[in-house]
Amino acid sequence: MNTAQALKNLAQASELIASATAVFSQDLPAGHAAYFAFLTEQLAQQLTRAQIQATHAVRRTGAHKLDRESFQAITDAGTNPTLEQIEAAEGHTTSGRTHFNSASGLLQDWLDIPRATASARLIQADCLIGGVNEAGQPIAPWLPQLAEQFMDPDVDPRPVAATATKLHSARKDLGEGKAGRKKKEQLQADALAFLRTEPKSARKHINALIAEVKSGERPIKALLECIGIFRRGLRQGLVEYVLRLLPSQAAFIEAYLAKMDNPATVAGNREHLKDTEAQFTGEPGSEWDDEESMPDWAKGGNRSGPAEPEQSAPPETSQSSQKPTEHKPWEEMKPERRRLLGLLTLLMGSSPTGSGATPPAAQVSIVLNWEKMQQQVKDYAVTSSGLPLTPGEARAALCTAGIYPLVLNGTSLPLDLGRTQRLFSKAQGRAVRAAYRGCSYPGCSMPAERCELDHLDPWEKGGRTDIASADLNCPIHHISRHCGLFRTVKIPGSRPLVLLSSELDPEQRLRINTYFMTPAEALAAEARAERTTAQWRSGQLALEFAEA
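The shown structure was predicted, so the numbers you read here are calculated from the model rather than taken from an experiment.

## As for the sheet that holds strand β11 (residues 497-500)
Strand order in the open sheet formed by 4 strands is β12-β11-β10-β13, and the pairing between neighbours is antiparallel. Taken across any chain shown, the strands that pair with only one partner, and hence form the sheet edges, are β12 (510-511) and β13 (544-545). Across 4 bridges, the pairing between strand β10 (residues 486-490) and β11 is antiparallel. Bridge pairing in β11 links T488 to V498.

## Brief notes about the sheet that holds strand β5 (residues 366-368)
Within a sheet, adjacent strands bond to each other through the backbone by hydrogen bonds, running parallel or antiparallel. With antiparallel pairing, the 3 strands of this open sheet are ordered in space as β5-β6-β7. Two strands lie at the open edges of the sheet, namely β5 and β7 (388-389), each paired on one side alone. Summarising the sheet, β5 and strand β6 (residues 381-383) pair through 3 bridges and their orientation is antiparallel. Within the sheet, the bridge partner assigned to I366 lies in β6 and is T383.

## Concerning helix α20 (residues 475-482)
For α20, the full list of buried residues reads H477, H478, S480 and R481. In an axial view of α20, the angular spread of the buried residues amounts to 165 degrees, which keeps them on one side of the axis. For α20, the exposed residues lying more than 90 degrees away from the buried face are I476 and I479. Contact partners of the buried residues in α20: β8 (452-455), β9 (470-473) and β10. G484 lies just past α20 and shows a positive phi near 80 degrees.

## A closer look at the environment of L472
Topologically, L472 is positioned in strand β9. Taking C-alpha positions, L472 is 8.3 Å from R437, a pair spaced 35 residues apart along the chain.

## Structural notes on the side chain of D67
You can see D67 is positioned in the loop between α2 (30-61) and α3 (68-77). In this structure D67 is buried but unpaired, with R68 as the nearest side chain of opposite charge at 8.5 Å. There is a polar contact of 2.6 Å between the side chain of D67 and the side chain of S70. With residues up to four places along the chain from it excluded, the contact list for D67 reads H92 and T94.

## Focus on a nonpolar patch on the surface
Side chains of I229, L234, V239, Y241, L243 and I253 sit close together on the surface and give an oily, nonpolar patch of about 620 Å² of accessible area. Taken together, the elements giving at least two residues each to the nonpolar patch come down to β3 (228-235) and β4 (238-244). The element contributing the most residues to the nonpolar patch is β4, with 3 residues. You can see Y241 is positioned in strand β4.

Cut-off values and rules
Residues numbered from 1 in each chain as written. Predicted model: local features only at pLDDT ≥ 70, side-chain atom pairs only at ≥ 80, totals over all residues. Heavy atoms only, no water. Pairing = 2+ DSSP bridges. Helix = DSSP H or I, 4+ residues; strand = E, 2+ residues; numbered from the N terminus. Buried < 20%, exposed > 50% of the residue type's maximum accessible area, 1.4 Å probe, protein only. Arc of directions from axis to C-beta. Contact = heavy atoms within 4.5 Å. Lys, Arg positive; Asp, Glu negative; His and termini not counted. Salt bridge = Lys/Arg side-chain N within 4 Å of Asp/Glu carboxyl O. Polar contact = N/O pair within 3.5 Å; in protein donor to acceptor, adjacent residues only side chain to side chain. Patch = residues over 30% accessible without salt bridge, like charges linked within 9 Å, V, L, I, M, F, W, Y side chains within 5 Å. Areas by Shrake-Rupley, 256 points an atom, 1.4 Å probe, with all protein chains shown as cover.

The following block contains the structure:
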């Protein structure tokens, strides 16, 4: 097929998509709506690949040097051209003065693509397709492993392209020569492993990998010189602060935020947080149950000051203006806003219970890898929220913190209760939450503090209250498991794995949620899951599925 016919097909495809979308804007069956969304995403994948290919083609051919007549021919052909018009639009480049100085200029000024988007596509073309040197000769792609993945028609190119942009941002930090090439190859391999095994968590882990490259081996003295609270000033009516702190300090922030996100905790008491906000904004507090309990200034939909005299208006307008302003339920508000109010409550010294007592301190769990610590590997300590600690921070925590021994396989704590107790004990809960850190469902970001301990062996059918029979699931995925929407697989010596239904995962791979792990931990966990899947498929391992 020649390029003219390919362009004709592309124009027809655009017209077909527009006509189909017009039909789907009307009433349609739920199944067709889902199918519409499915096909649209497939088209979006193809479009992403085509956009980067088009950017590369524009730069490779020097299309920004086309003369005025060539651009006019393209404009005249429009979006519904004939083959003759397309053939007439082959164009001619000129060495004289042209409209655009570069491919980036053509993308921005002719196609109205934002500068940042045009720059990103050129970078993605460099990384995934290749570039062009000053002599016009092609250059191999900078990220050959990702380039191979990008060209695979069965792979979604969007996360691959985003990963290429992220890795390119660390290009100067990788260094030159053999060592720099080795780092780049390892980064590509790790990023691809995340993209293949669990795309939902891949972005988080790849960002962490890049952060590790950019931070390098900075001494504690250099880190201490950079920490603090920095006031950026008044911007758009809001005062902005930047908070920089050590990972060991951030662990306390993360733990307290987790408490504030949980309405069942004292720190997360919703009614008191609403009252705290009312002190600053004049919005209704928890005691304003109805209009009768409101102060006079708050009635009639007025939240900003004393009531204004009523103005004459049409009947329907006057009637609607008397209704109090509607407010979203507290749980629908942004978590960032709730967390700020919780910190303000702490700073103001007020108690969520109204007693004046200080809110309970947040508990931070630090998971130590004994084997790595013995080998003096640097990343042997990590908080339950996934923040890696330096050896110095870990040693300081061991000296100053209250240490709870979390025994997963031993007799120091009564972690196996058998049939003597229906519910998991406090010690068991602490052990499971420290070990698993969050919900078991792949990609779920619900932390352990807001998850429920799940009996994998039903108590009513003779199940035991043991660690080996426990898992963590958020309320949504806890119910989903018991409804049979996914299955949990018990694996000796490992956290229980998850098997999604065939319509969600045609490959039927055993999966593990790595969201709260460090990149190194996530890679090791995914490798174990892949090995377990291979053993299961080859008949070397008999899986034990938990009952729904």
